[in-house]
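Understanding the architecture of this molecule
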Amino acid sequence: MKSAPVVWAAMAAAGIVCLGFLPKESRAEEQRSQGKEIYLAQCAMCHGENGRGDGRAALDFRTRPTDLTDPELMTDSDGTLIRRILHAPRPMPKFKDLLEETERHELVTYLRTLSKTQVGVRR
Ligand code: HEC
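Let me sum up the structure you'll find in this document. None of the values given here were measured: they were computed from a predicted structure.

1. Concerning the nonpolar core
- Residues Y39, C43, C46, L68, L81, I82, I85, L107, V108, Y110, L111 and L114 constitute the largest nonpolar core, which totals twelve residues.
- For this core, the secondary-structure elements that each account for two or more residues are α3 (78-86) and α5 (101-114).
- Beyond its immediate sequence surroundings of up to four residues, C46 is in contact with G55, A57, A58 and P65.

Given below as structure tokens:
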């Protein structure tokens, strides 16, 4: 069994490579699902469960909530999107005081999944 050490070494190397990738993947997935919870709790009543701006609470607003599935909106960078959410005009709540830094990023990660069209993000 002369080749055994080589095989083990190869497996160990593969394991290290996998470990390098795994946490990153699951972190993204975790961010997305945290973001979804925030969205459903804080945004869906106005922007609608699917982000189309058709939430129940918004039925009698003069201004319709922005369609968050709009691919054009999603070409904004994360930073710009977060600024737009934090400084949106009324009747948007004052999210600047309501969302922690990590929650803002989780939210944006989720918002990007609402838009079905894959678009390039401007940085
Ligand atoms: C009380 C209802 C309400 C809630 C809750 C709400 N929105 Fe809005 N939102 C609106 C309305 C109405 C507009 C359109 C305002 C306008 O264009 O004058 C808007 C606009 C926006 C815009 C566009 C801002 C811009 O720059 O034009 C974004 C992005 C947005 N909302 C995201 C969110 C997110 C994310 C949440 C949850 C964290 C949320 N909204 C919660 C009603 C709401």
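2. What about the environment of E30?
- Looking at the element boundaries, E30 is found in helix α1 (residues 4-42).
- By C-beta crowding, E30 is classed as partly exposed, having 13 other C-beta atoms within 10 Å.
- Between the C-alpha atoms of E30 and E106, which are 76 residues apart in sequence, the distance is 8.5 Å.

Cut-offs used in this document
Residues numbered from 1 in each chain as written. Predicted model: local features only at pLDDT ≥ 70, side-chain atom pairs only at ≥ 80, totals over all residues. Core = buried A, V, L, I, M, F, W, Y, C linked by C-beta atoms within 7 Å. Buried ≥ 20, exposed ≤ 12 C-beta atoms within 10 Å, placed from the backbone. Helix = DSSP H or I, 4+ residues; strand = E, 2+ residues; numbered from the N terminus. Contact = placed C-beta atoms within 7 Å.

Purely geometric numbers; function is a separate question.
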